[in-house]
Amino acid sequence: MKRQWSHPSIALPLLVALFLLLTFRCTLRHAAQRLAAAPAGDAGSHAVDAELAELAAVDPAAAAVLRDAERLLETNLTMRAPPELRDAAVRGLRGWLARQQRFDPGVMSELVDLIKRPIDLHAAAGGGAGDAGGEVRPYASCAVVGNSGVLLAREHGALIDAHDLVIRLNNAPAGAEGSPLARHVGARTGLAFLNSNVLSRCASRSAGAGGGCRRCRAYGERVPILTYMCSAAHFVEHAACSAGEAAAAPVVVTDARLDAVCARVVKYYSLRRFVRETGRPAAEWGGAHEEGMFHYSSGMQAVVAAAGVCARVSVFGFGKEPGARHHYHTLQRGELDLHDYEAEYEFYRDLEERPEAIPFLRDSGFRLPPVVVYR
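Residues numbered from 1 in each chain as written. Predicted model: local features only at pLDDT ≥ 70, side-chain atom pairs only at ≥ 80, totals over all residues. Heavy atoms only, no water.

A. Unusual backbone geometry, seen in detail. A positive phi angle, near 50°, is found at Asn170, a position not held by glycine. You can see Asn170 is positioned in the loop between β2 (165–169) and α7 (180–185). (Helix = DSSP H or I, 4+ residues; strand = E, 2+ residues; numbered from the N terminus.)

In structure tokens form, the structure reads like this:
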């Protein structure tokens, strides 16, 4: 006779266990939704803050970059770097890799020395303004100009140019003084912030036109470049740019510790948004995003870097509106899937309205400056 598994003594405990499991999962889901929606400073948010912070610390994309960096060091960059650039590229890569070993949000307090000091030293050597030695002071005011098409719906150009330092992203064009474009995006540029993919492309195009970094200096050779490394191999292009004319402004690589802070902050906000909007556990976030490719945007890191080197920060050209292009200077309308722009917008709101609530930054010991986001 075929054995039956529907006996009440077996079926009833299974049903009870299934009911309890479903109830437990629902309870966890609703609790996660409530906590993720609560402001970070609320007493009830500490448990989910800890969970999200722990998940945010896992960065497969950064881990892949580190593995590539170690492999490149083993081969001494011989596959990519010409002999005249090899030593400089290896030195840059080794220094960058050494700072990957620990997570340190306290790097925010060092950014004036790490970013502004080399710029000031170069300016002073050329007879320009800047702190040549001793304590380096922050810029009095900075404008970070994003690339969103919403800029063309505003006329913030004069306000942008009134700042002590104007930061532009990935060589997006400034307007010629007095031009219609300048009314919207401004005409001045004091610092170019580049994704290293952009640096690699423009430096490669310069190879046949005298070498160096000519095409990367969209705003002229006197404008310094700040770049973050998406690939360890791009230290070859950095070496090429740094080996240019002595009069050219420096090409500074962001500290790897700053990269790690930005990665954790953005992933935290993306995790929180995911839990709030889907009701699913935070651990399922990776299945909804291409976790191995997920990354902060250039604009996000430029804003965080500005917060570290400026006494006051203004943010322009971040956001989207119906009918506006993704970039004001291209025909691109779609967004890149590897970024969570909505999560970054939530971060900017906190940066403006309640900076004390921002995870990782609030534990850095660094006091964030006033930030105004012009929408």
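B. Quick look at the pairing of β2. Most of β2 sits inside the fold, with 5 of its 5 residues counted as buried. The side-chain alternation of β2 yields two buried faces, one formed by Leu165, Ile167 and Leu169 and the other by Val166 and Arg168. Pairing geometry for strand β1 (residues 142–145) and β2, over 4 bridges, is parallel. When the bridges of β2 are listed, Val144 appears paired with Ile167. One ladder, built from 3 bridges, connects β2 with strand β3 (residues 191–195); its direction is parallel. (Buried < 20%, exposed > 50% of the residue type's maximum accessible area, 1.4 Å probe, protein only. Pairing = 2+ DSSP bridges.)

C. Summary view of the packing of aromatic side chains. Tallying each qualifying case throughout the model produces 12 aromatic pairs. With a centroid separation of 5.3 Å and 50° between ring planes, the pair formed by Tyr228 and Tyr296 is classed as tilted. A residue pair is termed long-range when its members are at least 10 positions apart, and Tyr228 in strand β4 (residues 225–228) and Tyr296 in the loop between α11 (285–288) and α12 (298–309) qualify at 68 residues. Each member of the pair, Tyr228 as well as Tyr296, carries the same accessibility label: buried. For the ring pair Tyr268 and Tyr269, a centre distance of 5.8 Å and an interplane angle of 75° mean the geometry is edge-to-face. (Phe/Tyr/Trp six-rings, centres within 6.5 Å; stacked < 30°, edge-to-face > 60°.)

D. Seen up close, a positive patch on the surface. On the surface, a cluster of positive charge is contributed by Arg201, Arg205, Arg214 and Arg215. Along the chain, Arg205 falls in helix α8 (residues 196–206). (Patch = residues over 30% accessible without salt bridge, like charges linked within 9 Å, V, L, I, M, F, W, Y side chains within 5 Å. Areas by Shrake-Rupley, 256 points an atom, 1.4 Å probe, with all protein chains shown as cover. Salt bridge = Lys/Arg side-chain N within 4 Å of Asp/Glu carboxyl O. Lys, Arg positive; Asp, Glu negative; His and termini not counted. Charge placed at Lys NZ, Arg CZ, Asp CG, Glu CD.)

E. Representation of the state of the cysteines in the model. A complete count under the given rule lists 3 disulfides for this structure. Sulfur-sulfur distance for the disulfide between Cys142 and Cys310 comes to 1.9 Å. Taking the torsion about the sulfur-sulfur bond, which here is approximately -85°, the covalent link between Cys142 and Cys310 counts as left-handed. Of the two residues, Cys142 is situated in strand β1 and Cys310 in the loop between α12 and β6 (313–316); the sequence distance between them amounts to 168 residues. (Disulfide = S-S within 2.5 Å.)

F. Quick look at the sheet that holds strand β5 (residues 251–253). Read from one edge to the other, the open sheet built from 7 strands follows the order β5-β4-β3-β2-β1-β6-β7, with strand pairing classed as parallel. In the strand order of this sheet, the two ends are held by β5 and β7 (371–373), each with one partner. Averaged over all pairs of adjacent strands, the angle between their axes in this sheet comes to 20°, without regard to strand direction. Pairing of β1 with β6 involves 4 bridges; the strand directions are parallel. Paired with Val144 across the two strands is Val315, which belongs to β6. (Axes fitted to C-alpha atoms, helices over the stretch in contact; angles between N-to-C directions.)

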